[in-house]
Amino acid sequence: MSSLILRTAIRYLFPIIVLFSIFLLLRGHDEPGGGFIGGLLGATAFALFAIGYSVETSRRMLRFELHQLMGFGLLMATLSGVVGLILGEPFLSSAWIEIPIPGRPEPFKLATYLFFDIGVYLVVLSITLMIVYALAEE
Amino acid sequence: MNWLIISPILLPLVLACIMLLLWRHPVWQRWTALGGMVALVGCGAGLFGVVYVHGVQSEQLAGYGAPFGITFVADLFSSIMVLASAILGTAVTVYSMTNIENRRESFGYYPLLHLLLLGVCGAFLTGDVFNLFVFFEIMLMASFVLLTLGGERGQMEGAIKYVTLNLISSAIFLAAVGILYGMTGTLNMADLSNQVVWIAENRPEELPLLTILAMMFLIAFGVKAAMFPLFFWLPASYHTPPPAVSAIFAALLTKVGVYSMARFFTLIFTHDVGTTHMIILVLAGFGMICGVLGAAAQNEFRRILAFHSVSQIGYMLMGIGLIVMLAHRDDEIAHHAVQMGLAGTIIFVVHHLFVKPNLFLVSGVVERIGGTGELKKLGGFYKTEPLLAIMFLISALSLAGIPPLSGFWAKYILVLAGLQLEQYFIVFIALLTGLLTLYSMVKIWAAAFWTDVPDDSPVHNAAHMAHAKHGIRRMIYPIAVIAVIIVLFGVFAGPIFDVAMEAAAQMLDPSAYIEAVQFEEFSPTLGRGEEADS
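Note that the structure is predicted; figures quoted are calculated from it, not measured.

Peer 1: What exactly am I supposed to notice about the overall build of chain A here?
Peer 2: Secondary structure assignment for chain A yields five helices and two strands. Reading the helices (α) and strands (β) of chain A from amino to carboxyl end gives α-α-α-α-β-β-α. Overall, chain A is about 55 × 35 × 25 Å in size when its C-alpha atoms are taken along their principal axes. Relative to its 138 residues, chain A shows a buried fraction of 38%. Counting only contacts in chain A whose residues sit at least 6 apart along the sequence, the fraction spanning at least 24 positions is 63%. Roughly 8200 Å² of accessible area belongs to chain A as shown, and the carbon and sulfur atoms make up 70% of that amount. Computing the positive centroid from 8 side-chain charges and the negative centroid from 10, chain A places the two 12 Å apart.

Peer 1: When you look at the layout of surface pockets in this model, what are you seeing that I'm missing?
Peer 2: If a probe as big as a water molecule is rolled over the atoms, it shows which places are left empty. Empty space within the largest pocket amounts to approximately 1400 Å³. Lining of the largest pocket is provided by 44 residues; of these, L74 of chain A together with L13, L115, L118 and I138 of chain B occupy positions nearest its centre. The set of elements that each furnish at least two residues to the lining of the largest pocket consists of α4 (66-86) and α5 (112-137) of chain A together with α1 (2-21), α5 (109-125) and α6 (129-148) of chain B. Broken down by class, the residue content of the lining of the largest pocket amounts to 35 nonpolar, seven polar and two charged. Computed from the structure, the second largest pocket encloses a volume of approximately 620 Å³. Considering the residues around the second largest pocket, the lining is formed by 26 residues, among which T98, N99, E101, P243 and R368 of chain B are closest to the centre. Those elements that place two or more of their residues in the lining of the second largest pocket are α3 (76-99), α4 (102-105), α7 (153-184) and α14 (332-370) of chain B.

Peer 1: Explanation requested: the confidence of the model for chain A in the structure shown.
Peer 2: Interpretation of this model should avoid reading the predicted coordinates in detail wherever pLDDT is low. In the predicted model, chain A carries a mean pLDDT of 88, and 99% of its residues have values of at least 70. Ranking the helices and strands of chain A by mean pLDDT puts α5 of chain A first, with 92, and strand β2 (residues 108-111) of chain A last, with 82.

Peer 1: Can you walk me through α14 of chain B in this structure?
Peer 2: In an α-helix, one turn spans 3.6 residues; hence positions three or four apart end up facing the same way. Residues and elements named next belong to chain B. Taking 1.5 Å per residue as the helical rise, α14 with its 39 residues ought to reach 57 Å, and the 55 Å between its terminal C-alpha atoms agrees with that figure. A bend of about 30 degrees at H352 is the largest found in α14. The buried fraction of α14 amounts to 34 of the 39 residues, a majority that puts the element mostly inside the structure.

Peer 1: Where do I start with the confidence of the model for chain B in this structure?
Peer 2: Residues and elements named next belong to chain B. For chain B, the average pLDDT comes to 89, and 97% of its residues sit at 70 or higher. No element of chain B has a lower mean pLDDT than helix α23 (residues 524-533), which averages 50, and none a higher one than α5, which averages 94. Taken as a whole, residues 529-534 scores under 50 in pLDDT and shows six contacts with residues more than four places along the chain or in a different chain.

Peer 1: I tried to follow the packing of helix α16 (residues 386-400) of chain B against helix α18 (residues 424-450) of chain B on my own but got confused; where do I start?
Peer 2: Each pair of packed helices can be summarised by the angle the axes make with each other and by the distance between the axes. All names here are of chain B. Across the interface, α16 lies against α18 with an axial gap of 8 Å and an inter-helix angle of 165 degrees. Judged by the inter-axis angle, α16 sits roughly antiparallel to α18. Judged by the sense of rotation from one axis to the other, the crossing of α16 with α18 is right-handed. Contacts between α16 and α18 involve L388, A389, F392, L393, A396, L397, L399 and A400 on the former and, on the latter, G434, T437, L438, M441, I444, W445 and F449.

Peer 1: Help me understand the pattern of salt bridges, please; the structure alone is not making it clear to me.
Peer 2: Residue and element names in this part refer to chain B. Using the criterion set out here, one finds 16 salt bridges over all chains in the structure. With a closest N to O distance of 3.3 Å, D331 and R329 form a salt bridge. Overall, the relative accessible area of 29% leaves D331 in the partly exposed class. Through salt bridges that share partners, E101, R103, R104 and E152 make up one connected network.

Peer 1: Quick question: what am I supposed to make of the interface of chain B and chain A here?
Peer 2: Bring the parts together and some accessible area is lost; that lost area is often taken as the interface size. Contacts between the two partners involve 17 residues from chain B, matched on the other side by 17 residues from chain A. Of the roughly 1500 Å² buried between chain B and chain A, counting both surfaces, carbon and sulfur atoms make up 75%. Taken together, the links from chain B to chain A amount to one salt bridge. One salt bridge in this structure joins R24 of chain B and E65 of chain A, with 3.1 Å as the shortest N-O distance. There are four residue pairs in polar contact (both at pLDDT 80 or more) connecting chain B and chain A. Of all the elements in the fold, those that place two or more residues in the side of chain B that touches chain A are α1 and β1 (57-60) of chain B.

Reading the values: rules and limits
- Residues numbered from 1 in each chain as written.
- Chains lettered and ligands numbered in written order.
- Predicted model: local features only at pLDDT ≥ 70, side-chain atom pairs only at ≥ 80, totals over all residues.
- Heavy atoms only, no water.
- Helix = DSSP H or I, 4+ residues; strand = E, 2+ residues; numbered from the N terminus.
- Buried < 20%, exposed > 50% of the residue type's maximum accessible area, 1.4 Å probe, protein only.
- Contact = heavy atoms within 4.5 Å.
- Areas by Shrake-Rupley, 256 points an atom, 1.4 Å probe, with all protein chains shown as cover.
- Lys, Arg positive; Asp, Glu negative; His and termini not counted.
- Charge placed at Lys NZ, Arg CZ, Asp CG, Glu CD.
- 1 Å grid on protein atoms, 1.4 Å probe; cavity = no way out; pocket = protein on both sides within 12 Å on 5 of 7 lines; lining within 4 Å.
- Points joined across faces, edges and corners; volume = space filled by probe spheres on them.
- Nonpolar A, V, L, I, M, F, W, Y, C, P; charged D, E, K, R; others polar.
- pLDDT = per-residue confidence, 0-100.
- Expected span 1.5 Å × (residues − 1).
- Bend = angle between axes of the 7 residues up to and from the residue.
- Axes fitted to C-alpha atoms, helices over the stretch in contact; angles between N-to-C directions.
- Parallel < 35°, antiparallel > 145°, perpendicular 65-115°, else oblique.
- Left-handed = near helix turned anticlockwise from the far one by under 90°.
- Salt bridge = Lys/Arg side-chain N within 4 Å of Asp/Glu carboxyl O.
- Buried area = accessible area lost by both parts, 1.4 Å probe.
- Polar contact = N/O pair within 3.5 Å; in protein donor to acceptor, adjacent residues only side chain to side chain.

Here it is, written out as structure tokens:
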């Protein structure tokens, strides 16, 4: 499908969708959102490229091989649980460090759950794209 | 110590991820996979040691107490199963290095093998019914892909039957989990055990519904375990993938079903053993006879072995089914015999976990050299490969139950328990099945090993032989190691029986299992359990 309208629109939509997916990912710690929904949305951005241009273009945009991306995401999610184990707590216990932000009273809490969510984001993104590419290449 | 319970699940997961990162390098994946399996054996042995010395161990993920959090429990039975699965996984990994072609390796064979082990170990160790479902699904997903990897016509045919029947059983499983949660308000196995006692004492009118639920779980696990009459996917699919995959399937998939059944029907559904366990016992008897007759009708190496698994599953269920006698007799002898029957099941599961895959591994070597699995076109392996022939004989005679090999002790214990409980009919079937098993094994022995080499066999072709012999050591060594394990299993039957008796005692008296689980103080359902006690 090579529609000029779609191709032009994708160039503007792509950054917005990706940014919004990352916003959803980070928001998911305390509010609705999270790695799963963020990953799905991120995958749509690349899927649009696959529809408007070609699967090859979309793959080039992504830069990483999907299997490796999935493995990396899964590893990240697993290792975020191992941190608790190393600290002597049960597996998947959360641990965090507080980073003071100048000019704000509350420090920023960097928790292992964030890495878990990023891992989920990558896994969902890569699996969705795997399915989309496989169908698009048929 | 708490990392030890989680390690058999964590290790395969982390290694599968690492192997995905090494996607383009199948040779590196091989060695990562082998290292992972060896480490898994270490974890399994450590876990077994800790459980043997210190009793049942449990772990609440992220520190949330039961029944809210995710529970992992390791008792003797589950840690034995983890250890045995890891040992077999290591052997199959070495075997796969030669047996699995490069095109299959490059589509993620080794990561999938580890994910299969993840699902299997998870199912053995989980203390939560919903998590059991999740681990079942992980195992099934990995097995679906392993079964179809390569995409040959026969594989697809077998896979469709396998996938369809297993998806139906998963749906029944999930529905049963939903109803169980609606009835009891918990899915934690230890808590469920308390709840069933509470329901039996306070709401006896709900007991028939509980029996129906037990039957739903029986069907769900029965499909996975290839129990009579739900076994049709097994003979249709096991002979289609490469022998290494057949071996790991024969070792692990059905065992998880049997394990879950043993767990559920000793820990949770003990409210009406007269009905539920009688059904298991009857199905066990049918399974034994049906599987062995079905195998006798087959004429291909791996088809015989696959059909044969159905009858062996019957033996495993017999030990669970013998619990039925507790409904009729309450004396010391009956309790001891029931415990012995369950110990027989445990020994049989472990024995079969080594023997059946080893026969599949031998069939892989025979098919590689002989070019086919058809018994008519094979022959002369005793002359050309005497060592292989001896290893086949050890495994085959063990399967048939010839003393002093592992299969003899497993059957002896089950038969003895059956005699003490005066269940003569099932004992008769068990003995008859043993005899017919010998017939099937002798049939393979006579056709593939004992006869002369056929004239049109590819064995006479020098180029074929050079190709077939390349790397064959990596297929022979794992077979030899497992054959040694089988012999040692028979030699050390005494200590193994003692451990199995202890494991069976833990299962028949679930108080240690329940005490090991750390409950939350404000547990709403636990209060009901205490109410029942007072």
